[in-house]
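# Structural overview
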Amino acid sequence: FFVSFLRAPAMSFRAVALRSAMAASRAAFRCAGTTAPPAPQRPAWAVTPCSPLQVRGYASGKEVLEIGSVEAFETVVKANKLVAVDFFASWCSPCKMIAPVFKEYASEFPDVAFVKVDTDALGALAAKYGVSSIPHFTFIKDGQEVDNMIGANKNQLKAKLEALK
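Read on for an overview of the structure. (Residues numbered from 1 in each chain as written. Predicted model: local features only at pLDDT ≥ 70, side-chain atom pairs only at ≥ 80, totals over all residues. Heavy atoms only, no water.)

## Considerations on the pairing of strand β2 (residues 82-88)
Burial runs high along β2: 7 of the 7 residues are buried. Along β2, one buried face is formed by Leu82, Ala84, Asp86 and Phe88 and the opposite face, lined by Val83, Val85 and Phe87, is buried too. Of the pairings in the sheet, the one linking β2 to strand β4 (residues 136-141) comprises 6 bridges and is antiparallel in character. Paired with phenylalanine 87 across the bridge in β4 is histidine 136. Relative to strand β3 (residues 113-118), β2 is paired through 6 bridges, and the arrangement is parallel. (Buried < 20%, exposed > 50% of the residue type's maximum accessible area, 1.4 Å probe, protein only. Helix = DSSP H or I, 4+ residues; strand = E, 2+ residues; numbered from the N terminus. Pairing = 2+ DSSP bridges.)

Below you can see the structure in the form of structure tokens.
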């Protein structure tokens, strides 16, 4: 045994750790009586896309829908006449400060659909709407972007919502 150990090719610590973790994982599955690893879990930020009827319900106010996919975003835009979009990030302090105000305006403007898009999770959607800094608010009327706003100014946000109503 000692001689074969000396002749074995050199392995990095990472490779040894990975190999032992894989062996432990295989042993755990054999003990449990299964042959396949469990299915991966969905990340916490992933939101299951809604049907158009569920999405249309958010246009009635009092709720802010957090978008988890481009398809869900397109469904909301098609289902509602006016959509206010808050492009945010979980690490952004101004985004956290304006979030309760955005939710308050959702109940104040019941004919507007209010949605939030995490720029870290949906970077392609943020790039499509030219988001270069956050918080960034985009207003979509009848499927077309009509206005946008950068920054956490609640008075300016309310003025834009009243003007588009």
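## Some thoughts on the pattern of salt bridges
When their charged atoms lie close together, side chains carrying opposite charge are able to pair. Using the criterion set out here, one finds 3 salt bridges in the structure. The residue lysine 160 makes a salt bridge to aspartate 147 at a minimum N-O spacing of 3.1 Å. Of the two residues, lysine 160 is situated in helix α7 (residues 154-164) and aspartate 147 in strand β5 (residues 144-150); the sequence distance between them amounts to 13 residues. Residue lysine 160 is classed as buried on the basis of its relative accessible area of 18%. (Salt bridge = Lys/Arg side-chain N within 4 Å of Asp/Glu carboxyl O.)

## Quick word on the sheet that holds β3
With mixed pairing, the 5 strands of this open sheet are ordered in space as β1-β3-β2-β4-β5. Strand pairing shows two members of the sheet lacking a second neighbour, β1 (64-67) and β5, which therefore form its edges. This sheet shows a mean twist of 25° between the axes of neighbouring strands, independent of strand direction. Here β1 pairs with β3 via 4 bridges, running parallel. Within β3, the residue paired with glutamate 66 across the bridge is lysine 116. Docked against the sheet, helix α5 (residues 93-108) engages β1, β2, β3 and β4, running at close to 160° with respect to β3. On top of the sheet, α7 reaches β2, β3, β4 and β5; it is set at about 160° to β5, its chief contact. (Axes fitted to C-alpha atoms, helices over the stretch in contact; angles between N-to-C directions. Contact = heavy atoms within 4.5 Å.)

## Things to note about the environment of proline 110
Relative to the helices and strands, proline 110 is located in the loop between α5 and β3. Residue classification places proline 110 among the partly exposed positions, given a relative accessible area of 41%. Between the C-alpha atom of proline 110 and that of glutamate 63, which follows or precedes it by 47 residues, the distance is 9.3 Å.

## As for the pairing of β3
Within β3, 6 of the 6 residues are buried, which leaves the element mostly enclosed by the surrounding structure. Side chains Ala113, Val115 and Val117 of β3 all project onto a buried face; the interleaved residues Phe114, Lys116 and Asp118 project onto the opposite face, where all are buried too. Taken together, β2, α5 and β3 form a β-α-β motif whose crossover is right-handed. (Right-handed = clockwise from strand over helix to strand, strands pointing away.)

## Some remarks on the packing of aromatic side chains
In this structure the tally under the stated criterion is 5 aromatic pairs. The interplanar angle of 75° and the centroid separation of 5.0 Å between the aromatic rings of phenylalanine 102 and phenylalanine 114 together place this pair among those described as edge-to-face. You can see phenylalanine 102 sitting in helix α5 and its partner phenylalanine 114 sitting in strand β3, a full 12 residues away along the chain. Residue phenylalanine 102 is classed as buried on the basis of its relative accessible area, which comes to 1%. A cation over an aromatic ring shows up here: lysine 116 above the ring of phenylalanine 88, its NZ or CZ 4.5 Å from the ring centre. (Phe/Tyr/Trp six-rings, centres within 6.5 Å; stacked < 30°, edge-to-face > 60°. Lys NZ or Arg CZ within 6 Å of the ring centre and 35° of its normal.)

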